[in-house]
Amino acid sequence: MLQTLLDQINAMAESAVAAVPGIVIATVILTIAWLLAKGATSISSRIIGKTELRPSLRNLIETVVRLGIWVTGFMLAAIVVFPNFSPSGLIAGLGIGAVAVGLAFQEFFENFLAGVMIMLRDTMQIGDVIRTDDIHGKVEFISLRETHIRAFSGELHVVPNAQLFKNPVEVYTDLPERRFEVVIGVSYDTDLDEADAVIRGAVESVELVSKEKDIQVLADTFNSSSVDFVVRWWAASSGTDAVMNRDHVVRAIKRGLDDAGIEIPFPYVTHTFKQDVPVAKPA
């Protein structure tokens with residue numbers, strides 16, 4: 001029995017020694033694949049850099065080139081180390097275990113395919129300001145698995161691509177300009193036409209407001225202590241102007257109404273007091 005064990009150990013040692021040249025050649029092949037992938041990525045980046053392709057699409061092309069070279073390198077290395085290995089055998093093996101692999105890596109493949117679709121479409125790009133669920137910020141990076149969104153308060157949200165692909169996403173910067181809105185109330189004894197003119201003039205005086213699109217001042221609601229106007233204007237959809245224009249508009253409206261002597265009333269709250277009614281006692 002001991003002799004059988006020694007024979008097995010000797011056979012394993014001989015197989016290991018015989019496999020050394022193949023392992024060395026496979027290592028060289030993988031090293032060449034690494035160098036080729038690095039060089040091809042650099043070359044494709046230079047070529048794509050001269051085009052007007054979107055950053056996310058550039059990233060997808062570079063990833064596909066790099067992945068293709070690595071897959072080819074691994075296939076060649078496997079054929080050298082395992083002479084009986086063939087691509088058809090690999091495909092057959094994948095077919096047998098496809099269900100198990102699919103279940104084990106369902107989330108990975110879901111995010112991967114979602115990442116490809118996000119990179120291919122042009123509705124959300126790096127640099128866009130978006131909102132999805134409770135996340136609001138600027139897209140900094142899109143990969144095949146996840147997207148990085150930088151909140152305006154500084155936090156970085158790493159969001160799985162499947163979440164972005166399946167759920168509604170608001171893209172604030174899809175157009176150079178977007179519409180903003182604020183509600184302002186005036187007292188009931190105010191001439192609404194005069195208030196309209198004052199508010200409109202105040203909004204028009206703000207430099208950050210677009211002069212090419214109409215400003216809307218709409219009398220909207222009879223509130224408890226005021227008549228409310230909905231004021232709408234257009235301004236830049238990104239950058240500092242998108243943050244500051246509302247502040248400038250609100251200040252201008254307040255200043256204009258004060259100068260015109262038009263009151264912005266406090267909300268009127270009615271209180272209902274319960275009065276105890278004496279109950280007559282039976283005689």
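Quantities reported herein were computed from a predicted structural model and do not represent experimental measurements. (Residues numbered from 1 in each chain as written. Predicted model: local features only at pLDDT ≥ 70, side-chain atom pairs only at ≥ 80, totals over all residues. Heavy atoms only, no water.)

1. So, the sheet that holds strand S3 (residues 146-151)
Put simply, the test is: If DSSP finds at least two bridges between two strands, the strands pair. Secondary structure elements are taken from DSSP: a helix is a run of H or I of four residues or more, a strand is a run of E of two residues or more, and numbering for both begins at the N terminus.
The strand order across the open sheet formed by 5 strands is S4-S3-S2-S1-S5, and the pairing between neighbours is antiparallel. Each end of this open sheet is capped by a strand with a single partner; those strands are strand S4 (156-160) and strand S5 (170-171). In the sheet, strand S2 (residues 135-142) pairs with S3 via 5 bridges, with the strands oriented antiparallel. Looking across to S3, one finds that Gly137 is bridged to Ala151.

2. Structural notes on the layout of surface pockets
The condition that has to hold: A cavity, in this analysis, means grid points on a 1 Å lattice covering only the protein atoms where a 1.4 Å probe fits yet has no way out; a pocket is instead an open set bounded by protein on both sides within 12 Å along at least five of seven lines, and a residue lines either one if it has an atom within 4 Å of a point. Grid points are joined across faces, edges and corners, and a volume is the space filled by probe spheres set on the points. Residue classes follow a fixed rule: Ala, Val, Leu, Ile, Met, Phe, Trp, Tyr, Cys and Pro count as nonpolar, while Asp, Glu, Lys and Arg count as charged, and any other residue, Gly among them, counts as polar.
What the largest pocket holds in volume is close to 310 Å³. Around the largest pocket sit 15 residues that line it, and Val129, Phe152, Arg178, Ala242 and Val243 are the ones nearest its centre. At the level of secondary structure, the elements contributing two or more residues to the lining of the largest pocket comprise S2, strand S6 (177-186) and helix H8 (240-259). Grouping the amino acids of the lining of the largest pocket by side-chain chemistry returns 6 nonpolar, 4 polar and 5 charged.

3. Re the pattern of salt bridges
For clarity, the cut-off: Salt bridges, as used here, are contacts in which a Lys or Arg side-chain nitrogen is within 4 Å of a carboxyl oxygen on Asp or Glu. Exposure classes here rest on a 1.4 Å probe applied to the protein chains alone. A residue is buried below 20% of its type maximum, exposed above 50%, and partly exposed in between.
Tallied over the full model, the rule gives 7 salt bridges. A salt bridge links Arg150 to Glu140; the nearest nitrogen and oxygen atoms lie 3.2 Å apart. Of this pair, Arg150 sits in strand S3 while Glu140 sits in strand S2, placing them 10 residues apart in sequence. A relative accessible area of 41% places Glu140 in the partly exposed class. Asp247 serves as the salt-bridge partner of Arg251, at 3.0 Å between the closest nitrogen and oxygen. Of the two residues, Arg251 and Asp247 are both situated in helix H8; the distance of 4 residues between them amounts to about one turn of the helix. A residue is classified by how much of its surface remains accessible, and Asp247, at 28% relative accessible area, is partly exposed.

4. Brief notes about unusual backbone geometry
For Asp133, which is not a glycine, the phi torsion comes out positive at approximately 55°. On the secondary structure map, Asp133 appears in the loop between strand S1 (129-132) and S2. Under the relative-accessibility criterion, Asp133 is labelled partly exposed at 48%.

5. Considerations on the confidence of the model for the protein
To be explicit about the condition: pLDDT: the predictor's confidence for each residue, scored from 0 to 100. Note on definitions: a residue-residue contact is assigned when non-hydrogen atoms from the two residues lie within 4.5 Å.
The pLDDT averaged across the protein works out to 79; a share of 74% of its residues lies at or above 70. Counted against residues more than four places away or in other chains, residues 268-283, with its pLDDT under 50, gives 2 contacts.

6. Quick word on the sheet that holds S6
In sheet architecture, strand pairing relies on hydrogen bonds along the backbone and comes in two forms, parallel and antiparallel. This is how the line gets drawn: Inter-axis angles, ranging from 0 to 180 degrees, are taken between N-to-C directions of lines fitted to C-alpha atoms, where helices are fitted over the stretch in contact.
Pairing is antiparallel across the open sheet formed by 3 strands, whose spatial order is S6-S8-S7. This sheet does not close on itself; its edge strands, each paired only once, are S6 and strand S7 (216-222). Sheet twist, expressed as the mean angle between neighbouring strand axes with direction ignored, is 25°. In this sheet, strand S8 (residues 227-236) lies alongside S6 in antiparallel orientation, the contact comprising 10 bridges. Note on S8: the bridge partner recorded for Glu181 is Arg232. Together, S6, S7 and S8 form the strand contacts of helix H7 (residues 192-204), whose direction differs from that of S8 by roughly 20°. On top of the sheet, H8 reaches S6 and S8; it is set at about 30° to S6, its chief contact.

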